[in-house]
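Structural description and commentary
The residues making up each chain are set out below.
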Amino acid sequence: MNQNYNYNFSFLYPKQPTSAHEIAEMEKQRNPIIETDQNIEKCRVENQYQTQTLNETQKILNENAKIAKQLSQQVKSMEESSNKQYKIGLIVSVITGLFAAGSFLLALIQIFK
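Residues numbered from 1 in each chain as written. Predicted model: local features only at pLDDT ≥ 70, side-chain atom pairs only at ≥ 80, totals over all residues. Heavy atoms only, no water.

1. Notes on the overall build of the protein chain
The helix and strand tally for the protein chain stands at two helices and zero strands. When burial is assessed residue by residue, the protein chain has 5% of its 113 residues classed as buried. Summing over all exposed atoms, the protein chain offers an accessible surface of approximately 10,500 Å²; the carbon and sulfur share of this is 62%. (Helix = DSSP H or I, 4+ residues; strand = E, 2+ residues; numbered from the N terminus. Buried < 20%, exposed > 50% of the residue type's maximum accessible area, 1.4 Å probe, protein only. Areas by Shrake-Rupley, 256 points an atom, 1.4 Å probe, with all protein chains shown as cover.)

Structure, rendered in structure tokens:
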């Protein structure tokens, strides 16, 4: 029995395969170094993807903050405009009420004359 085999006929040490059967057996074996490298590479790719996603999310949040600020400024200017319109409407209605009261008094004066 070859020294590179254990009781399950799996390779214990790396060696050059001499047959297709040995190649097939070697392909089934685990290689912790390669698997660790592959896992590290997968983690690196995943970390890059997550970082990119976080950066895009941060950009979107910044844009949303700018838009919210602009909307609050528009609401404030609309509130100021509506306050001005209310004051103007109140002044116009008071003046109209005075004209109506004056007209009513003139009508009463003409009736009793």
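Moving on, there is more to tell.
2. What about the pattern of salt bridges?
Tallied over the entire structure, the rule returns one salt bridge. One salt bridge connects R44 with E41, and the closest N-O pair in it is separated by 2.4 Å. Within this pair, R44 and its partner E41 are both found in helix α2 (residues 32–111), separated by three residues, close to a single helical turn. (Salt bridge = Lys/Arg side-chain N within 4 Å of Asp/Glu carboxyl O.)

3. Some words on a nonpolar patch on the surface
A grouping of F104, L105, L108, I111 and F112 is seen on the molecular surface, where their side chains present a nonpolar patch of about 580 Å² in accessible area. Considering the arrangement of structural elements, one finds I111 in helix α2. (Patch = residues over 30% accessible without salt bridge, like charges linked within 9 Å, V, L, I, M, F, W, Y side chains within 5 Å.)

4. So, the confidence of the model for the protein chain
When pLDDT is averaged across the protein chain, the result is 83; 78% of the residues are at 70 or more. Low pLDDT (under 50) marks residues 1–8, which in the prediction has 13 contacts with non-local residues, meaning those over four places away or in another chain. (pLDDT = per-residue confidence, 0-100. Contact = heavy atoms within 4.5 Å.)

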